[in-house]
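# What the coordinates show
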Amino acid sequence: MTTRTAAAAARATVYGYPRQGRDRELKKAIEGYWKGRVTAGSLRATAAGLRRGNWRALAAAGITEVPTGDFSYYDHVLDATVMVGAIPERHRAAVAADALDGYFAMARGTQDVAPLEMTKWFDTNYHYLVPELGPDTVFTADSAQQVAEVEEALALGLSPRPVLVGPVTYLLLAKAAPGVAADFDPLTLLDRLLPVYAEVLADLRAAGAAWVQLDEPALVQDRTPAELKAAERAYRDLGARTDRPKLLVASYFDRLGDALPVLAKAPVDGLALDFTHAAAANLEALASVGGLPGKRLVAGVVDGRNVWINDLEKSLATLGTLLGLADRVDVAASCSLLHVPLDVTLERDIEPQILRWLAFARQKTAEIVTLAKGLARGTHTITAELSANKADLASRATSALTRDPAVRARAEAVTDTDGRRSQPYPVRAAAQHAHLGLPPLPTTTIGSFPQTTELRTARADLRAGRIDAAAYEERIASEIRDVVSFQERTGLDVLVHGEPERNDMVQYFAERLTGYLTTQAGWVQSYGTRYVRPPVLAGDISRPEPMTVRWTAYAQSLTDRPVKGMLTSPVTMLAWSFVRDDQPLGDTARQVALALRDEVDDLEANGTSVIQVDEPALRETLPLRAADHAAYLDWATEAFRVTTAGVRPDTQIHTHMCYAEFGDIVQAIDDLDADVISLEAARSHMQVARELAGHGYPREAGPGVYDIHSPRVPGADEMAALLRKGLEAIPAERLWVNPDCGLKTRGRSETRACLENLVTAARTVRGEVGPV
């Protein structure tokens, strides 16, 4: 195909779209179903309506091929587990009795059955349910949902492209099932899995799907020769089938590297590559393999993970370079638009000029269509769009919001000394033990307590003007008194104030720091029905005044036990925001660190002896390629130390991390130089404790003893068993007892029951180990 013909054939497409609906209708319907207020039929009708609405909106915008199969009630990897019949043994009865309830049981667990483990989707803040596989796993095809969605789209007169998790990525994301040897490699099941994928593909072709997208993001990570051979075998076998639709293998989040020549040679019909975060590397690699003759190239030139408008001229230049490297070049976002909010026009409180710098899913779709039009018909057909885009980019670059000379001068003046505690850990530990007087196996929580109905009502009343600030603050004080009193009665050793004044652990601080923008409707799925509104990090960061001191000091005034001050650390403030793309991330992290350092110093000066600086995103933001790890971890750990290093030796610094694979960042955890770290560990059966021990981690740690992402209430005996397993790796004098994560999303009654059981478990095991 000539370059001109390839350009003329250019079309606009997307890999996926936000699921929740304009007003988070899906979240409300699912949670209503869990509570018995919504029937299964009504839930399915809501889901179908949202799918149809998305497809129609995409088609109306100019998307010629709509994605199906990207919609999910909870998680698309869990959907793949259902599709291939890899239901864990403990969930099979529930799935057989009721497919929908069994599906949610795998996601959330029940009182009697634990859920699947949950962890981060590559380097995003989206969580997926980890498949559990073993040598006895039997795969069976169940394409009913995928076929139904194809038929739904065809009935609307649309061209569907089903989106499935690819077989290689599915196995690389899986783990050994409980009771299976830890060194079991799920990839050894590939030959067993491929016929099931082939059956699903045949079903989709029979249903009318001309193309199917197989997502293989795991191939942008460092892969061994054996893993690349597996990918080669998978797509050789699937591509050789005569009963299949055309296959588009999609990669995103980074460069394909050694996997690119494997996929370029495979008998598949198209590849999708990321030309935003990995533009130069993928361009060079694509040229080095001679392009994709005879294949379709889907070029992800619009950033699907951030909210800034696209530089249309730059993207057109990239697309122009790609012409001639494939028989057909189509235009797309770099990944699914699941990772950005729905529509910027829903925002009412952001200045109109600043809004023009932002593009959410709807606006990104328009950018994709504009680029495809310019590529296919010539830039003269999009002159107005190019002119407006150039003006908006210039407005942002010259805005006073983006640069504060005082902030930049302070950041440039940071030295190595600013990132070091005044005393080494052993000296600090002795001072802290003497100052705090805690028992062995001290108990605490991660920070937040349930946000009660009364609190949510008060917050809504304040926004609506039905109550004044004084009445709202009394509600906050009442919640804190209740939480502190409960913790004292239960017997927790280190208390928290419960964070009733906070809407979100990042947004709360973003609202109080200069340089951040917050949204009203910028919801993004984190997991299941948990949606967050990531703030937009638009300019230089500073702290005008204390943010947490008032309520922390108030809680401390109610008790003689230590109350933790609670802050969110720099990397998480970046990872769970939409970050600026006009300067290095390390520079932005240092600015945030200095603002938070001021807060840490003020907490200490006001009598707070234990300060927790949460860093749950440290692992999730780790670059996908090992060659990029060192540079990232250098600025990430420095930012944490700059935040915390100014306190006295007897002030105890805690940190917390969320679901992730921690083994490859244990040294970085050590480099944070926190006195105590708490980590999620219940679903992985204390694996992280063993990883810390294997590294020789010298400080105190609290691997979680119950999973807060499930509504089940584990008994004290169950928690004690996990605690004993933790003691096999971490000595009693350095082991803390705590939940996996914060309790904000849980109900009050289950939370109280869980914490009472936690304290009972700690006391039981404390008695077994004796004095330390």
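Look a little higher up for the structure.
Read on for an overview of the structure. For every chain, the first residue of the written sequence is number 1, and numbering continues from 1 along that sequence. Totals for whole chains, interfaces and linings use every residue, but because this is a predicted model, local features are given only for residues with pLDDT of at least 70 and side-chain atom pairs only at 80 or more, for both listing and counting. Neither water nor hydrogens contribute to the side-chain values; these are computed over all heavy atoms in the structure.

## A closer look at the pairing of strand β11 (residues 326–333)
Where a strand is regular, its side chains alternate between the two sheet faces. The element β11 is extensively covered by neighbouring structure, given that 7 of its 8 residues are classed as buried. Any two strands with at least two DSSP bridges between them are considered paired. In this text, helices come from DSSP runs of H or I with a minimum length of four residues, and strands from runs of E with a minimum of two, each type numbered from the N-terminal end. Here strand β10 (residues 292–302) runs beside β11; their pairing, made up of 7 bridges, is parallel. Across the sheet, the residue bridging to V302 is A333, located in β11. Classification remark: right-handed applies to a crossover when, strands pointing away from the viewer, the course from the first strand over the helix to the second runs clockwise. Between β10 and its parallel partner β11, the chain crosses via helix α13 (residues 312–322), and the hand of that crossover is right-handed. Any residue under 20% of the maximum accessible area for its type is buried, any over 50% is exposed, and the rest in between are partly exposed; the area is computed with a 1.4 Å probe on protein chains only.

## Re the packing of helix α7 (residues 144–155) against helix α9 (residues 190–207)
The angle between two axes is taken between their N-to-C directions and runs from 0 to 180 degrees, where each axis is a line fitted to C-alpha atoms and a helix contributes only its stretch in contact. Where α7 meets α9, the closest approach of the two axes is 9 Å, and the angle between their N-to-C directions is 20 degrees. The pairing of α7 with α9 is recorded here as roughly parallel in orientation. The way α7 lies across α9 gives a crossing that is right-handed. Contact residues: Q146, V147, V150 and L154 in α7; D203, L204 and A207 in α9. Along the lines of polarity and charge, the residues of the contact of α7 with α9 split into 5 nonpolar, 1 polar and 1 charged. Between 65 and 115 degrees an angle is taken as roughly perpendicular, under 35 as roughly parallel, over 145 as roughly antiparallel, and anywhere else as oblique. Left-handed describes a crossing whose near helix is turned anticlockwise from the far helix by less than a right angle; the clockwise case is right-handed. Only heavy atoms matter for contacts: two residues are in contact if any of them lie within 4.5 Å across the pair. All residues other than Ala, Val, Leu, Ile, Met, Phe, Trp, Tyr, Cys, Pro, Asp, Glu, Lys and Arg, Gly among them, are scored as polar; the first ten of these are nonpolar and the last four charged.

## Some remarks on the packing of aromatic side chains
Geometry of aromatic contacts follows a simple scheme: Phe, Tyr and Trp rings, the Trp one being its six-membered ring, pair when their centres are within 6.5 Å, and the pair is stacked under 30 degrees between planes, edge-to-face over 60, tilted otherwise. Tallying each qualifying case throughout the model produces 15 aromatic pairs. Centre to centre, the rings of W34 and F104 are 5.4 Å apart; their planes meet at 90 degrees, and the pair counts as edge-to-face. Taken together, the residues span a long stretch of sequence, with W34 in helix α2 (residues 25–34) and F104 in helix α6 (residues 99–108) at a distance of 70 residues. When its relative accessible area of 26% is taken as the criterion, W34 is described as partly exposed. In this structure F104 comes out as buried when scored by relative accessible area, which is 5%. A network of ring pairs unites the aromatic residues Y33, W34, F71, Y73, Y74, Y103 and F104 as a single cluster. Here the guanidinium or amino end of R108 rests over the ring plane of W34, the centre of that ring lying 3.6 Å away. A positively charged side chain is recorded as over a ring if its NZ (Lys) or CZ (Arg) lies within 6 Å of the ring centre. The angle to the ring normal must also be within 35 degrees. One residue, R699, lies across the ring of Y425, its end atom 5.7 Å from the ring centre.

## Let's talk about the nonpolar core
The term nonpolar core refers to a set of buried residues drawn from Ala, Val, Leu, Ile, Met, Phe, Trp, Tyr and Cys, joined through side-chain atoms within 4.5 Å. Y170, Y235, F275 and L319 are the most contacted members of the largest nonpolar core, which totals 126 residues. Grouped together as the second largest cluster of nonpolar side chains are 97 residues, A411, M573, L618 and C754 included.

## Focus on the pattern of salt bridges
Take a side-chain nitrogen of Lys or Arg and a carboxyl oxygen of Asp or Glu: if they are within 4 Å of each other, that pair is a salt bridge. Across all of its chains, the model carries 50 salt bridges by this definition. Between R580 and D582 there is a salt bridge, with its nearest N and O atoms 2.7 Å apart. In this structure D582 comes out as partly exposed when scored by relative accessible area, which is 42%. Residue E638 is joined to R590 by a salt bridge in which the shortest nitrogen-to-oxygen separation is 2.5 Å. On the criterion of sequence distance, the pair formed by E638 in helix α25 (residues 629–644) and R590 in helix α24 (residues 585–605) is long-range, its members being 48 residues apart. Linked by salt bridges that have partners in common, R421, R428, D670, D673, D675 and R699 make up one network.

## With respect to the sheet that holds strand β8 (residues 246–250)
With parallel pairing, 7 strands are arranged side by side in an open sheet as β1-β5-β7-β8-β9-β10-β11. Of all strands in the sheet, those bounded by a partner on one side alone are β1 (66–68) and β11. Looking at each pair of strands side by side, their axes are set apart by 25 degrees on average, direction ignored. Bridging between strand β7 (residues 211–215) and β8 involves 5 bridges; their strand directions are parallel. For L214, the partnering residue across the bridge sits in β8 and is V249. On top of the sheet, α7 reaches β1 and β5 (160–165); it is set at about 160 degrees to β5, its chief contact.

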